[in-house]
Amino acid sequence: PSAAAEAAAAAPAPANAASAAPKFEGALGLVLAYKPAFSGSSDRKISPQLAGFIRYGRFTLTGAGGFTTRRQDDVERGLDAELLRRERVRVNLSLRYDPGRRESESDQLAGMGNIKGTVRTRLGLRWEPAPQWTLSLASSLDSLGNGGGYTVEGGVSRTFVIDARQRVILSAGLTGAGDRYLQTWYGVTAEQSARSGYPVYKPSEGLRDVHTGATWRIEVNPQWAGFASLGATRLLGAAADSPLTRQPNSYSISAGIARRF
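Worth saying up front: this structure is predicted, and the values here are computed from it rather than measured.

**A few points about the nonpolar core**
Ranked by size, the top nonpolar core spans 14 residues in total, and within it Tyr181, Leu182, Tyr186 and Val188 carry the most contacts. Those elements giving two or more residues to this core turn out to be helix H3 (179-186) and helix H5 (237-241). Of all the elements, H3 adds the most residues to this core, at four residues. Among all residues touching tyrosine 186, those that are not within four sequence positions of it are Ser39, Tyr181, Tyr201, Arg208, Leu235, Ala239, Ser242, Leu244 and Thr245.

**Notes on the pattern of salt bridges**
Inspection of every chain in the model, using the stated rule, returns six salt bridges. A salt bridge links arginine 58 to glutamate 82; the nearest nitrogen and oxygen atoms lie 3.6 Å apart. With arginine 58 in the loop between strand E2 (44-56) and strand E3 (59-62) and glutamate 82 in strand E4 (residues 78-85), this pair connects stretches of sequence that are 24 residues apart. With a closest N to O distance of 2.8 Å, arginine 260 and glutamate 219 form a salt bridge. Pair noted here: arginine 260 is in strand E12 (residues 249-260) and glutamate 219 is in strand E10 (residues 206-219), with a separation of 41 residues, a long-range link. What makes arginine 260 buried here is its relative accessible area of 4%. Salt bridges sharing common partners tie together Arg58, Glu82, Arg85 and Arg90.

**What about unusual backbone geometry?**
Glycine aside, the phi torsion of most residues is negative, and most peptide linkages are trans. Positioned with a positive phi, glutamine 132 is a non-glycine residue whose angle comes to about 75 degrees. Take glutamine 132: it is sitting in the loop between strand E6 (118-127) and strand E7 (133-142). On the basis of relative accessibility, which here comes to 25%, the residue glutamine 132 falls in the partly exposed class.

Here is what the cut-offs are and how they apply
- Residues numbered from 1 in each chain as written.
- Predicted model: local features only at pLDDT ≥ 70, side-chain atom pairs only at ≥ 80, totals over all residues.
- Heavy atoms only, no water.
- Core = buried A, V, L, I, M, F, W, Y, C linked by side-chain atoms within 4.5 Å.
- Buried < 20%, exposed > 50% of the residue type's maximum accessible area, 1.4 Å probe, protein only.
- Helix = DSSP H or I, 4+ residues; strand = E, 2+ residues; numbered from the N terminus.
- Contact = heavy atoms within 4.5 Å.
- Salt bridge = Lys/Arg side-chain N within 4 Å of Asp/Glu carboxyl O.

In structure tokens form, the structure reads like this:
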């Protein structure tokens, strides 16, 4: 799912939700996504993923995102710790596995080689200035020094409650990145140019993309929950100008179902 859909993961919780929240809970499910083969690609793929989470108190371990807790809290991907929770403010620190990129994902990457997987450390802040509104700011850094550099993302989301079981979340966001990140994902070195035929390209830090999303969530019953999301992304600046970018405008569709426990 797109970054915008992730940012709209859930509706704000009631003020007394923290005290009523269960100490331990989890979910296990399946997510299907239809998205570009890689950022900027004109090739597309269908990607099935096992998804879900386990939460104990302020700590959460999760795979693919998209699901929420019983109190309708978002679930941060990776290994996450909730550092601060107030009525309207949350601060989270998480470790996320970034699988990188493989040349075999698309013919358009022939000669570019693989991007190593890494672990990213992410610090996020969420503020609810008014009921059903959320503002977010997050930054992530490649913890292993595998060329991932840093990214910064800001976003806003609005939740519309349809009934006790359904809600729709609309979101928008903007992402920036450092030159090391952009070089790894959108740049072309002299060696890569000789193998792939792409011209040498060295991007500098700046905005990476602007994105929007819409997510529909349903609580089928206390045990089963599902969602469907549509996201759109426009690459900006150095990412849009990269010779690897065949299609700066892209969209993604994802849907999932999970059983809670």
